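Residue strings, one per chain:
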Amino acid sequence: SPTPLTLLGTGDMGTALARAWLAAGHPVTVWNRTPARAEPLAAEGAVVAASAAEAVAAGRLVIACLLDDASVGETLADAELSGRDLVNLTTGTPGEGRSRAAWAEARGARFLDAGIMAVPPMIGDPASGAYVFYSGSAELFEEHQTTLAVPAATRYVGTDPGFAALHDVALLSGMYGMFAGITHAFALLRGEDIAPKEFAPLLVSWLNAMAPAALETADKLVSGDYAKDVVSNLAMQVAGSATLLRTAGEQGVSTELLTPFLRLMERRLAAGHGDEDTTGLVGMLTAATG
Ligand code: NDP
């Protein structure tokens, strides 16, 4: 029979998760700091606990989906965690995942950190492509994998409790680079007689065509040879990027989103790496912070 579970936090994401588990027949105990936000779930069959400690006492599998790591610490401060399996679906940093794991283990719990790669409407819909990164206790993951897979597909990325957050944040960071490019592209067109809705599909297919560059970067990071099989070398890219800057100037568009990356390419070229692609920039970023 479906495993009973406790869910702390019935915000937008927590509510979507609770609904998926309830629909699959799991007995669900919920708690939310603002009780009114848990009430709709009571009507759908969840038991609403009066306190977080009471919710944690209800069963072994405890899932937290709160605002941030600090709210997890606050919520669980008075809870008896000994013998519990704590799964943290709250977004955090790798460091927060690691220290929360040590904190939970010191209280006698097994711990799994997680990063949700979905928005609430995707939860509980197997066709949505939603999935969740998990890292930390392999035993906990194996034991509860079927239950965890109810709201979204699971992807276990290792025993280091920081790895789920690291995967999550690395994907989101790549996404913000893309958002920056989209923002700059539309700024270039602003005020011109080019329909945004006609341009957008062109931008989407161009970005899709360019995205596999990540696979080439990975190949080069592994081989260590950044100049092998280079399609667009840095010397050519730096020369070409002057056109991007002049165009921004002509259109009256700020280059603040564009220049940080172009400056890195110029520095790598100046250091004598004009025959490589952009893979060498990865090491420049880590060298800059030690
Ligand atoms: P909401 O803002 O809808 O909900 C936040 C939840 O955290 C509420 O239950 C809130 O309680 C609770 N909370 C905040 N501060 C505290 C505190 N100090 N003590 C106890 N409870 C607290 O956010 P979501 O539900 O959308 O997000 C929850 C987690 O899921 C976040 O870590 C978020 O990053 C992650 N996530 C969300 C996604 C999304 O698209 N929504 C996508 C991927 C991950 P109260 O109702 O009392 O304020």
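Remember, predicted model here, so these are calculated numbers, not experimental data. (Residues numbered from 1 in each chain as written. Predicted model: local features only at pLDDT ≥ 70, side-chain atom pairs only at ≥ 80, totals over all residues.)

The next subject is the sheet that holds strand β6 (residues 110–117). On the basis of which strands lie adjacent, the open sheet formed by 8 strands has the order β3-β2-β1-β4-β5-β6-β7-β8 and mixed pairing. Two strands in the sheet have a free side with no partner beyond their single neighbour: β3 (47–48) and β8 (153–156). Sheet topology note: the strand β2 (residues 28–31)/β3 ladder contains 2 bridges and is parallel. By the bridge assignment, T29 is partnered in β3 with V47. Sheet strands in contact with helix α5 (residues 94–106) are β5 (85–88), β6 and β7 (131–136), and its direction is about 150° off that of β6. Sheet strands in contact with helix α7 (residues 163–189) are β6 and β7, and its direction is about 10° off that of β6. (Pairing = 2+ DSSP bridges. Helix = DSSP H or I, 4+ residues; strand = E, 2+ residues; numbered from the N terminus. Contact = placed C-beta atoms within 7 Å. Axes fitted to C-alpha atoms, helices over the stretch in contact; angles between N-to-C directions.)

Residues annotated by UniProt as "domain: NADPH-dependent reductive aminase-like C-terminal" (unreviewed entry) correspond here to residues 160–285. Here residues 160–285 runs as 71% helix and 0% strand, with 23 Å between its end C-alpha atoms. (UniProt positions renumbered as here; feature names shortened; annotations may be inferred.)

Orientation of α7 relative to helix α8 (residues 196–210), taken along the N-to-C sense of each, is 145°, at an axis distance of 11 Å. Crossing of α7 over α8 shows right-handed handedness. Residues M178, I182, A185, F186 and L189 of α7 touch α8, and the partners they reach there are P196, F199, L203 and L207. A class-by-class count of the residues in the contact of α7 with α8 yields 9 nonpolar, no polar and no charged. (Left-handed = near helix turned anticlockwise from the far one by under 90°. Nonpolar A, V, L, I, M, F, W, Y, C, P; charged D, E, K, R; others polar.)

So, on to the domain arrangement of the protein. When its domains are assigned, the protein resolves into domain 1 (5–158) and domain 2 (166–288). Each of domain 1 and domain 2 has a C-alpha centre, and these two points are 37 Å apart. (Domains from an automatic or database assignment.)

A few words on the environment of Y134. In this structure, Y134 sits in strand β7. Considered as a pair, Y134 and L166 are 32 residues apart in the sequence and their alpha carbons are 11 Å apart. When sequence neighbours within four positions are dropped, the list of residues in contact with Y134 reads L112, A114, F141, T154, R155, Y156, V157 and A164.

Right, let's get into helix α11 (residues 259–270). When the terminal C-alpha atoms of α11 are compared, their 16 Å separation across 12 residues agrees well with the 16 Å that a helix rising 1.5 Å per residue should span. Residues of α11 that are buried: M265, R268 and L269. The arc that holds the buried residues of α11, viewed along the axis, is 100°, so those residues lie on one side. Structural note: α11 exposes P260, R263 and A270 on the side pointing more than 90 degrees away from its buried face. Once α11 finishes, G272 follows within two positions and takes phi at roughly 95°, a positive value. (Expected span 1.5 Å × (residues − 1). Buried ≥ 20, exposed ≤ 12 C-beta atoms within 10 Å, placed from the backbone. Arc of directions from axis to C-beta.)

This paragraph deals with the pairing of β5. Alternating positions in β5 separate into two faces, D85 and V87 on one and L86 and N88 on the other, with burial throughout. Note on the crossover from strand β4 (residues 61–64) through helix α4 (residues 69–76) to β5: the handedness is right-handed. Pairing between β5 and β6: 4 bridges, direction parallel. Paired with D85 across the two strands is R110, which belongs to β6. (Right-handed = clockwise from strand over helix to strand, strands pointing away.)

Since one α-helical turn is 3.6 residues long, residues separated by three or four positions face the same way. For α7, spanning 27 residues, the distance from its first C-alpha to its last is 40 Å, which sits close to the expected 39 Å at 1.5 Å a residue. Every buried residue belonging to α7 is among F163, A164, A165, L166 and D168, and all of these are buried. Looking at the buried residues of α7, the elements they touch are α5, β6 and β7. G191 lies just past α7 and shows a positive phi near 85°.

By the element assignment, G25 lies in the loop between α1 (12–23) and β2. As a C-alpha pair, G25 and S1 span 24 residues in sequence and 8.4 Å in three-dimensional space.

Here we come to the nonpolar core. Ranked by internal contacts, the top residues of the largest apolar core, which has 52 residues, are L7, A18, V30, I63, A64 and A114. Sort the elements by how many residues they give to this core and α1 lands first, with 6 residues. Here V30 is in contact with L7, T10, A18, A38, L41, A46, V48, A49 and A55, once residues within four sequence places are set aside. (Core = buried A, V, L, I, M, F, W, Y, C linked by C-beta atoms within 7 Å.)

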